[in-house]
Amino acid sequence: HSNFLREYTTGTGGGVYPSNIHQEPASSSNYNTGRGGVAISTIVIHDMEGSYGSAISWFKNPASQVSAHYCIRSSDGDITQMVSEGNTAWHAGVYSYNQKAIGIEHEGFASDPGRWYTDVMYRRSAQLSAAISKRYGFAVDRSHIIGHSEVPPPNTHTDPGPGWDWNKYIGYVKSYR
């Protein structure tokens with residue numbers, strides 16, 4: 001699909017999209033085309049509360065009414081892009097956040113972070129977040145990279161949960177930027 005990303009580099013080192021990102025388009029019933037003129041300024045970190053394959057399948061199902069831009073597998077950091085960054089995925093639970101954010105779903109369960117939140121997943125996700133933040137020119141900090149639980153009401157989600165290692169993650173993002 002021509003609207004999906006192409007590897008993006010600035011030639012200045014760092015901030016390069018990870019290699020081998022697969023494209024599996026979400027159902028067009030599960031996102032809005034465009035962003036309504038809103039600039040991308042945030043990344044929302046999610047956990048799937050399920051498996052990589054089931055999340056991809058769910059986002060492709062037109063009845064689900066949800067999507068995210070990217071999904072990341074726990075075991076090896078495999079990345080699948082589901083929605084073009086130029087489009088508004090339905091992931092945050094608050095439309096104004098959907099418009100300004102890139103949603104990254106991580107395989108696993110918040111109740112078992114030691115099993116699911118692997119170093120390879122953190123690293124691949126951090127590479128992706130570094131590239132996104134560099135591409136759109138926003139800071140690598142906890143004001144711009146937030147958990148789904150930090151999206152304001154009416155959002156009621158709790159992911160990625162207290163087991164997500166924010167210091168490790170932000171440290172990796174800064175190192176890749």
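This structure is a prediction, so every number in the text was calculated from the model and none was measured.

**A short note on the side chain of Ser67**
Item 1. Here Ser67 is to be found in the loop between helix H1 (52-60) and strand S4 (70-72).
Item 2. In this structure the side chain of Ser67 is engaged in a polar contact, spanning 2.7 Å, whose partner is the backbone oxygen of Asn30.
Item 3. Once you skip the residues sitting within four places of it in the chain, Ser67 turns out to touch Ala26, Asn30, Tyr31, Phe59, Val83, Ala89, Trp90 and His91.

**Structural notes on H1**
Quick reminder: α-helices carry 3.6 residues per turn. Residues three or four places apart thus point the same way.
Item 1. Turning to H1, its buried residues number three or more, namely Tyr52, Ala55, Ile56 and Phe59. Buried residues along H1 cover an arc of 100° about the axis, so they all sit on one side.
Item 2. For H1, the secondary structure elements touched by its buried residues are strand S1 (21-23), S4, strand S5 (79-81) and strand S7 (101-106).

**Regarding the packing of helix H4 (residues 119-136) against helix H5 (residues 166-176)**
In a pair of packed helices, the angle between the axes and the distance between the axes together describe the arrangement.
Item 1. Orientation of H4 relative to H5, taken along the N-to-C sense of each, is 50°, at an axis distance of 8 Å. Accordingly, the angle class assigned to the pair H4 and H5 is oblique. Remark: the crossing between H4 and H5 carries right-handed chirality. For the pair H4 and H5, contact is made by Asp119, Tyr122, Arg123, Ser125, Ala126, Gln127, Ser129 and Ala130 and by Lys168, Tyr169, Tyr172, Val173 and Tyr176, respectively.
Item 2. Split by residue class, the contact of H4 with H5 holds 7 nonpolar, 3 polar and 3 charged.

**Remarks on the pattern of salt bridges**
Item 1. One pass over the structure, following the stated rule, counts 7 salt bridges.
Item 2. With a closest N to O distance of 2.5 Å, Glu24 and Lys60 form a salt bridge. Of this pair, Glu24 sits in the loop between S1 and strand S2 (31-32) while Lys60 is found in helix H1, placing the two residues 36 residues apart along the sequence.
Item 3. Classification of Glu24 as partly exposed rests on a relative accessible area of 31%.
Item 4. In this structure, Glu150 engages Arg142 in a salt bridge whose closest nitrogen and oxygen atoms are separated by 2.7 Å.
Item 5. Taking relative accessible area as the criterion, Glu150 reaches 37% and is therefore assigned partly exposed.

**Re the side chain of Glu105**
Item 1. Examined against the element boundaries, Glu105 turns out to sit in strand S7.
Item 2. Buried and unpaired, Glu105 has Arg35 as its nearest opposite-charge partner, separated by 13 Å.
Item 3. In terms of polar contacts, Glu105 uses its side chain to reach the backbone amide nitrogen of Met48, at 3.5 Å.
Item 4. Excluding residues within four positions of it along the chain, Glu105 makes contact with His46, Asp47, Met48, Phe59, Ala68, Tyr70, Cys71 and Ile72.

**Re the packing of aromatic side chains**
Item 1. A complete count under the given rule lists 8 aromatic pairs for this structure.
Item 2. In this structure an aromatic cluster arises from ring pairing among Tyr117, Tyr122, Trp164, Trp166 and Tyr169.
Item 3. One residue, Lys100, lies across the ring of Tyr97, its end atom 4.3 Å from the ring centre.
Item 4. Sitting over the face of the ring of Trp166, Arg142 holds its NZ or CZ atom 3.6 Å from the ring centroid.

Reading guide: rules and limits
Residues numbered from 1 in each chain as written. Predicted model: local features only at pLDDT ≥ 70, side-chain atom pairs only at ≥ 80, totals over all residues. Heavy atoms only, no water. Helix = DSSP H or I, 4+ residues; strand = E, 2+ residues; numbered from the N terminus. Polar contact = N/O pair within 3.5 Å; in protein donor to acceptor, adjacent residues only side chain to side chain. Contact = heavy atoms within 4.5 Å. Buried < 20%, exposed > 50% of the residue type's maximum accessible area, 1.4 Å probe, protein only. Arc of directions from axis to C-beta. Axes fitted to C-alpha atoms, helices over the stretch in contact; angles between N-to-C directions. Parallel < 35°, antiparallel > 145°, perpendicular 65-115°, else oblique. Left-handed = near helix turned anticlockwise from the far one by under 90°. Nonpolar A, V, L, I, M, F, W, Y, C, P; charged D, E, K, R; others polar. Salt bridge = Lys/Arg side-chain N within 4 Å of Asp/Glu carboxyl O. Lys, Arg positive; Asp, Glu negative; His and termini not counted. Phe/Tyr/Trp six-rings, centres within 6.5 Å; stacked < 30°, edge-to-face > 60°. Lys NZ or Arg CZ within 6 Å of the ring centre and 35° of its normal.

Take it as geometry only, folks, not as evidence of what the structure does.
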